[in-house]
Amino acid sequence: MTLKSPLPPQSVSAPADSRSTARREWGQNFFRTAAAACRFSAQLDGSDTIPPDSPNDLMTVEIGAGSGRVTKVLASPGTPLLAVEIDPRWARRLAAESLPDVTVVNEDFLTLQLPGQPVRLIGNLPFVTGTRMLRRCLDMGPARMRQGVFLLQREYVGKRTGAWGGNLFNAQWEPWYSFDRGLAFSRQDFTPVPRADTQTLMVAPHRRPSVPWREKAAYQRFVQRVFDTGQMTVGDAARKVLRRGHAQFVRGAGVRPADRVKDLTVPEWTALFRAYGRTADR
Ligand SMILES: C[S@@+](CC[C@H](N)C(=O)[O-])C[C@H]1O[C@@H](n2cnc3c(N)ncnc32)[C@H](O)[C@@H]1O
């Protein structure tokens with residue numbers, strides 16, 4: 001449902017139990033102040049690594065607009081903004097504000113048909129579905145997803161930005177995107193107060209990805225297979241992935257058999273993927 005113009009007036013109040021269920025299930029922890037929403041939103045500017053053909057080609061999509069604190073900061077004439085909100089009450093309320101060049105859609109971001117044009121994505125994401133939302137954004141590919149500014153649990157952002165070393169998720173996505181830490185926010189910046197502190201995850205597409213996007217499925221399957229072996233070193237994992245030619249495969253990639261799978265860099269993963277293709281082709 002697209003709510004571009006104000007709908008007939010309707011009460012936004014609802015029985016307390018259904019409101020608290022919505023709050024919990026949809027992770028409705030809103031920015032408490034406009035100042036905090038401003039700090040968060042300001043991170044969207046200036047880090048577009050692939051300039052669009054013209055600034056107008058670029059659309060901003062806000063995931064989970066809620067009460068519209070972030071939407072209001074970003075709304076600006078001439079800058080199209082798609083504000084996606086699953087809760088009909090908040091979507092209706094925000095649409096009624098008729099913010100300039102803002103289109104409010106009352107839909108589930110996980111199933112919404114996303115714009116075909118390049119987009120910048122921003123969202124104070126719900127805790128429960130945040131990871132799925134992030135995957136959905138990354139799945140757009142680096143030619144369409146030009147920037148991502150996502151507020152997520154601080155611990156999760158730590159994982160994505162290397163605090164605990166390499167992992168399957170990062171190995172699968174880093175040929176196309178970089179993941180960096182942005183501003184942190186305390187629980188007190190939100191209402192109701194959430195159960196964890198949050199931090200911004202800044203996602204930027206690589207200008208020259210090390211693996212072509214059309215090979216994404218094959219590359220990600222390969223990385224998954226290596227991790228699924230459960231082996232600590234590349235040499236041991238290679239033995240499980242390939243029945244024959246595993247030593248050749250590791251050597252061909254210029255990686256040492258004793259290197260740990262979780263320490264592999266993007267160039268090493270890419271080299272292993274290429275060597276695997278050559279070995280498996282024979
Ligand atoms: C953490 S709140 C952020 C609200 C607002 N942007 C802010 O920062 O104050 C997350 C918002 O995402 C909405 N939401 C949850 N799941 C969603 C989904 N699948 N699709 C779209 N919106 C969703 C919630 O209703 C809620 O308004």
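Note that this is a predicted model, so its numbers are computed, not measured.

**Considering the site of the ligand**
Among the 19 residues in the neighbourhood of the ligand, the closest are listed as Gln28, Gly64, Glu85, Asp108 and Phe109. A distance of 3.3 Å is found between a nitrogen atom of the ligand and a backbone nitrogen or oxygen belonging to Ala65. In the model, an oxygen atom of the ligand is placed 2.9 Å from a nitrogen or oxygen of the Asn124 side chain. For the ligand, whose unbound accessible area comes to 590 Å², protein coverage reaches 98%.

**Quick notes on the packing of aromatic side chains**
The tally for this structure, following the rule as stated, stands at 18 aromatic pairs. Between Phe222 and Trp269, the aromatic rings sit 6.2 Å apart at their centres with planes inclined by 80°, giving edge-to-face as the arrangement. With Phe222 in helix 8 (residues 216-228) and Trp269 in helix 11 (residues 266-281), this pair connects stretches of sequence that are 47 residues apart. Among the residues examined, Trp269 registers a relative accessible area of 3% and is labelled buried. Ring geometry for Phe227 and Trp269: centres 5.8 Å apart, planes at 20°, overall stacked. Of this pair, Phe227 sits in helix 8 while Trp269 sits in helix 11; the two residues are 42 residues apart in sequence, bridging distant segments of the chain.

What counts as what
- Residues numbered from 1 in each chain as written.
- Predicted model: local features only at pLDDT ≥ 70, side-chain atom pairs only at ≥ 80, totals over all residues.
- Heavy atoms only, no water.
- Near = heavy atom within 4 Å.
- Polar contact = N/O pair within 3.5 Å; in protein donor to acceptor, adjacent residues only side chain to side chain.
- Areas by Shrake-Rupley, 256 points an atom, 1.4 Å probe, with all protein chains shown as cover.
- Phe/Tyr/Trp six-rings, centres within 6.5 Å; stacked < 30°, edge-to-face > 60°.
- Helix = DSSP H or I, 4+ residues; strand = E, 2+ residues; numbered from the N terminus.
- Buried < 20%, exposed > 50% of the residue type's maximum accessible area, 1.4 Å probe, protein only.

Read these as layout, nothing more, since geometry by itself doesn't imply function.
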